[in-house]
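# Descriptive structure summary
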Amino acid sequence: QGFASSPYAGQFARNLASWFTGGRPGKFLAYTNTVTGSVDFAYTGSSLRAALEAAGHTWVTSSTIPFTLETLKQYDAVFLCANQVDNQVLINYVNSGGNVYISAGTKWCGCDADIEAGWWNTFLNAFGLAYSFPYNDVGGTLAVESSHPIFDGIATLYYGYGNPVIVLDPNNPRTSVINRYH
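What comes next is a walk through the structure.

Cut-offs used in this document
Residues numbered from 1 in each chain as written. Predicted model: local features only at pLDDT ≥ 70, side-chain atom pairs only at ≥ 80, totals over all residues. Heavy atoms only, no water. Helix = DSSP H or I, 4+ residues; strand = E, 2+ residues; numbered from the N terminus. Buried < 20%, exposed > 50% of the residue type's maximum accessible area, 1.4 Å probe, protein only. Contact = heavy atoms within 4.5 Å. Areas by Shrake-Rupley, 256 points an atom, 1.4 Å probe, with all protein chains shown as cover. Pairing = 2+ DSSP bridges. Right-handed = clockwise from strand over helix to strand, strands pointing away. Expected span 1.5 Å × (residues − 1). Axes fitted to C-alpha atoms, helices over the stretch in contact; angles between N-to-C directions. Phe/Tyr/Trp six-rings, centres within 6.5 Å; stacked < 30°, edge-to-face > 60°. Polar contact = N/O pair within 3.5 Å; in protein donor to acceptor, adjacent residues only side chain to side chain. Core = buried A, V, L, I, M, F, W, Y, C linked by side-chain atoms within 4.5 Å.

## Let's talk about the overall build of the protein
Secondary structure summary: the protein contains six helices and eight strands in total. Burial analysis of the protein (182 residues in total) assigns 43% to the buried set. Look at the contacts in the protein between residues 6 or more apart in sequence, and 63% of them connect residues 24 or more apart. Accessible surface, the protein as shown: approximately 9,300 Å² in total, 51% of it carbon and sulfur.

This is how it looks when you write it as structure tokens:
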């Protein structure tokens, strides 16, 4: 839906990939079910794959490979949405140099915002963040109001609601929210 709703979705995906890899081609894992119609089929669209592969990246979608530190270390970043994983594995992965992108606000998966926050807060808390609830009311194709490099050249993006993000320690220079809507 993001690609159908904003002409900048592909550029955003490429910017994010470049930021995760320092500008070199990367290998990314979308740890998600590849069966359309399942509750966790995020990141399986052909437009996303095409945008990243055109920029020289490798895009792998799977929910069957072992979710271990050894497996994740084969990838520059792991993308997650609407599925539960071992948060300690993610913490160890980031601490060993990996990157994680989580899409929250997936009420379409049949859960509530507090449940979804519970899936991710052990991981997020380790890095000074937390998801809150209820889901926010931010939805639609909206102007981007951020100067962060992942938004370079991006005028609009599609937002499909989400869990509010809380910065637990505003004095931590490594923890911030880079785009916010109220």
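Picking up after the structure, the text goes on.
## Topic: the side chain of Asn-15
With respect to the helices and strands, Asn-15 occurs in helix 2 (residues 9-21). In this view, Asn-15 contacts Pro-149, Ile-150, Phe-151, Asp-152 and Ile-154; residues no more than four positions away in its chain are not counted.

## Some thoughts on the pairing of strand 3 (residues 77-81)
Residues in a regular strand project their side chains so that they alternate between the two faces of the sheet. Of all five residues that make up strand 3, five are buried, and the element is covered over most of its length. Covered by surrounding structure in strand 3 are Ala-77, Phe-79 and Cys-81 together with Val-78 and Leu-80, the residues of both alternating faces. Of the strand pairs in this sheet, strand 1 (residues 27-31) and strand 3 are connected by three bridges, and their pairing is parallel. If you follow Phe-28 over to strand 3, its bridge partner there is Ala-77. In this structure, strand 3 lies alongside strand 4 (residues 99-103), joined through five bridges in parallel fashion. Looking at the pairing, Ala-77 lines up with Asn-99 of strand 4. The β-α-β motif built from strand 3, the intervening helix 5 (residues 87-95) and the parallel element strand 4 has right-handed crossover chirality.

## Re helix 2
Across its 13 residues, helix 2 extends 19 Å between first and last C-alpha, which sits within 8% of the 18 Å expected from 1.5 Å per residue. Burial in helix 2 covers these residues: Ala-9, Gly-10, Phe-12, Ala-13, Asn-15, Leu-16, Ala-17, Phe-20 and Thr-21. Those residues of helix 2 that are buried are in contact with helix 1 (2-5), strand 1, helix 3 (46-54), strand 3, strand 4 and strand 7 (156-162). Backbone geometry just after helix 2 places Gly-22 at a positive phi near 70°.

## Topic: the sheet that holds strand 3
Spatially, 2-1-3-4 is the arrangement adopted by the four strands of the open sheet, whose pairing is parallel. Strands with a single pairing partner mark the edges of an open sheet, and in this sheet they are strand 2 (58-62) and strand 4. Averaged over neighbouring strand pairs, the angle between their axes works out to 20° when direction is ignored. On the sheet, helix 2 packs against strand 1, strand 3 and strand 4 and is oriented at approximately 150° with respect to strand 4.

## Things to note about the packing of aromatic side chains
Enumeration according to the criterion identifies ten aromatic pairs in this entry. Ring geometry for Tyr-43 and Trp-59: centres 6.3 Å apart, planes at 80°, overall edge-to-face. Of this pair, Tyr-43 sits in the loop between strand 1 and helix 3 while Trp-59 sits in strand 2, placing them 16 residues apart in sequence. Like Trp-59, Tyr-43 is buried. By the ring-pair criterion, three or more aromatic residues cluster together here, those being Trp-19, Phe-20, Phe-28, Tyr-43, Trp-59, Phe-79 and Tyr-101.

## Observations regarding the side chain of Ser-146
Mapped onto the secondary structure, Ser-146 falls in the loop between strand 6 (136-143) and strand 7. Of the polar contacts made by the side chain of Ser-146, one reaches the backbone nitrogen of His-148; its length is 3.1 Å. Contact partners of Ser-146, with chain neighbours within four places excluded, come to Phe-151, Ile-178 and Asn-179.

## So, the nonpolar core
Phe-28, Tyr-43, Trp-59, Phe-79 and Leu-157 are the most contacted members of the largest nonpolar core, which has 23 residues in total. The set of elements that each furnish at least two residues to this core consists of helix 2, strand 1, helix 3, strand 3 and strand 7. Element by element, the count of residues in this core is highest for helix 2, at five residues. Look past the residues within four positions of Phe-79 in its chain and what remains in contact with it is Leu-16, Phe-20, Phe-28, Leu-29, Ala-30, Tyr-31, Tyr-43, Trp-59 and Tyr-101. Within the second largest apolar cluster, 22 residues are counted, among which are Ala-104, Ala-117, Phe-123 and Leu-129.

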